[in-house]
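The primary structure of each chain is shown beneath.
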Amino acid sequence: MFNFKFLFTALAFISIMVLAKGNPLNDNDLREEKEKIVKGKSEPCVGCPRQLEGEDLRVAENTLQKSLAKLAAGDGPVYQLVKMNSATSQVVSGVLYKMKVVLGDGVNAIKECDIEIWSQPWLINNAVQVTFKCPGEEPVIKRHDA
């Protein structure tokens, strides 16, 4: 009679030994993937923030300019964009721009701020939320239509 218990135990032992030693093919694949990530050659991550450059950066700057104009025409705050230092965009429930900018307030005061613009076009009036985070000040959160 064939001993299935022995066969099962032997197969389990062999499987454990293979796993414990590691699979050289998988180790090489992981090593190559780590090198790609370190060298910045990994595939883009869906839903992850992405650094904006070129035309994408100009679109983000235009989005900020429109938001600043709408807020200035309403209940403020009133700022002018002096310089866009950097920006990222991220697809969340809508599009979230995060920007590092230099703003002027019209009274010769210039400050570096972090701004988040969260656009959700399916909401009533294409709701846009703008958050200003400037050093030494409380965050300011305002909403406007698109």
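Below or above, wherever it landed, is the structure these notes cover. None of the values given here were measured: they were computed from a predicted structure.

**Here's the deal with the state of the cysteines**
(1) Moving on: Summed over the entire model, instances satisfying the criterion amount to 1 disulfide.
(2) Moving on: A sulfur-sulfur separation of 2.0 Å characterises the disulfide bridge that pairs C113 with C134. With the S-S bond torsion at 105°, the cross-link from C113 to C134 turns out right-handed. In this pair, C113 sits in strand β4 (residues 110-119) while C134 sits in the loop between β5 (128-133) and β6 (140-144), placing the two residues 21 residues apart along the sequence.
(3) Moving on: Of the residues examined, C113 reaches a relative accessible area of 3% and is grouped as buried.

**Looking at the nonpolar core**
(1) Moving on: Grouped together as the largest cluster of nonpolar side chains are 20 residues, with contacts concentrated most on L64, M99, V101, L103, I115, I117 and F132.
(2) Moving on: Breaking this core down by element, the ones donating at least two residues are α3 (54-73), β2 (80-92), β3 (94-104), β4 and β5.
(3) Moving on: Apart from the residues within four sequence positions on either side, M99 is in contact with A60, L64, M84, S86, A87, C113, D114, I115 and I117.

**What about the pairing of β5?**
(1) Moving on: Of all 6 residues that make up β5, 5 are buried, and the element is covered over most of its length.
(2) Moving on: Strand direction decides the pairing type here: β4 and β5, joined by 6 bridges, are antiparallel. Each bridged residue has a counterpart across the sheet, and for I115 the counterpart in β5 is F132.
(3) Moving on: Between β5 and β6, which pair antiparallel and follow one another directly, the connecting turn spans 6 residues, one of which, G136, has a positive phi of 80°.

Basis of the calculations
Residues numbered from 1 in each chain as written. Predicted model: local features only at pLDDT ≥ 70, side-chain atom pairs only at ≥ 80, totals over all residues. Heavy atoms only, no water. Disulfide = S-S within 2.5 Å. Helix = DSSP H or I, 4+ residues; strand = E, 2+ residues; numbered from the N terminus. Buried < 20%, exposed > 50% of the residue type's maximum accessible area, 1.4 Å probe, protein only. Core = buried A, V, L, I, M, F, W, Y, C linked by side-chain atoms within 4.5 Å. Contact = heavy atoms within 4.5 Å. Pairing = 2+ DSSP bridges.

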